[in-house]
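Observations on the three-dimensional arrangement
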Amino acid sequence: MDAGSGNMSFRKSVLSVVRDIPHGGTMSYGEVARRAGFPRAARAVGSLMRKNFDSMVPCHRVIRSDGRLGEYNRGGEDVKRKLLEKEGVLFDDRGRVCTA
DNA sequence: AACGTGACTTACG
DNA sequence: GCGTAAGCCACGT
C-alpha cells in the first residue's frame, strides 16, 4: 500500500489516506496519522490539512477523535458539518459525529 | 540548527 | 462534561 510510509513522505502518505476515505465516512486525525504510518502525528496531520487546498482530498471527512468536527479552511465547522450531513454521516444531539 | 506554531490527543481536577 | 496542562509531530522562519 502506498500508505505504508516506508519511503513515502509524511505529506504524500497522509494525503493518500485522506483521499481514500470513502464517501459518507469519517476518520479522526489520529486515525489518519496511524494509517499513514505516523501514529503520533495527529497534530501534524491537522497542520497539513490546513495548508492543503486540493479538492481531490476530502479533508472535511477528517474530524477530531472526540467526535467533534474541528476546523475547516473552507467555511468553518458549519460548512464542514453540512457537507458530512449531505454525505449521510449521522450526528448526535450535541452536534458530534455519531460513532456508534 | 533552534524556535515558534497549530484543522490534535490524552490525562487530571 | 468542561477547562487546563502536558505531550507529540511535521513545517516554515
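Since the model is a prediction, treat every value here as computed from it, not as a measurement.

1. Some details on the overall build of chain A
- In terms of regular secondary structure, chain A is built from four helices and two strands.
- Listed N to C, the secondary structure of chain A is α-β-α-α-β-α in terms of helices and strands.
- Rg of the C-alpha trace for chain A: 13 Å, near the compact-globule value of 13 Å for 100 residues, within the 12% margin.
- On the principal axes, the C-alpha backbone points of chain A span a range of 40 × 25 × 20 Å.
- The buried share among the 100 residues of chain A stands at 37%.
- Carbon and sulfur atoms make up 47% of the accessible area of chain A, which amounts to about 6,500 Å² in all.
- Between the centroid of the 19 positive side chains of chain A and the centroid of its 12 negative side chains there is a distance of 5 Å.

2. A short note on the nonpolar core
- Core analysis: the largest hydrophobic core is formed by 18 residues, its most contacted members being V14, V18, V32, V45, M49 and V62.
- If you list the elements that add at least two residues to this core, you get α1 (10-19), α2 (29-36) and α3 (42-51).
- Residues within four places of V62 in sequence aside, it is in contact with V18, I21, M27, S28, Y29, V32, L69 and K80.
- I63, L69, L84 and V89 belong to the second-largest nonpolar core, a separate cluster that totals five residues.

3. Notes on the protein's contact with DNA strand B
- Surrounding DNA strand B, one finds 17 residues, the nearest of these being Y29, R43, M49, R50 and E71.
- Atoms of DNA strand B within 4 Å of the protein belong to the sugar or the phosphate in 40% of instances, the rest to bases.
- Contact distances for DNA strand B include 2.7 Å between a base nitrogen and a side-chain N or O atom of Y29.
- At a separation of 2.8 Å, a base nitrogen of DNA strand B approaches a polar side-chain atom of R43.
- Contributing elements (two or more residues each) for the surface near DNA strand B: α2 and α3.
- A class-by-class count of the residues in the surface near DNA strand B yields six nonpolar, six polar and five charged.

Calculation rules
- Residues numbered from 1 in each chain as written.
- Chains lettered and ligands numbered in written order.
- Predicted model: local features only at pLDDT ≥ 70, side-chain atom pairs only at ≥ 80, totals over all residues.
- Heavy atoms only, no water.
- Helix = DSSP H or I, 4+ residues; strand = E, 2+ residues; numbered from the N terminus.
- Rg over C-alpha atoms; globule rule 2.2 N^0.38 Å.
- Buried < 20%, exposed > 50% of the residue type's maximum accessible area, 1.4 Å probe, protein only.
- Areas by Shrake-Rupley, 256 points an atom, 1.4 Å probe, with all protein chains shown as cover.
- Lys, Arg positive; Asp, Glu negative; His and termini not counted.
- Charge placed at Lys NZ, Arg CZ, Asp CG, Glu CD.
- Core = buried A, V, L, I, M, F, W, Y, C linked by side-chain atoms within 4.5 Å.
- Contact = heavy atoms within 4.5 Å.
- Near = heavy atom within 4 Å.
- Polar contact = N/O pair within 3.5 Å; in protein donor to acceptor, adjacent residues only side chain to side chain.
- Nonpolar A, V, L, I, M, F, W, Y, C, P; charged D, E, K, R; others polar.

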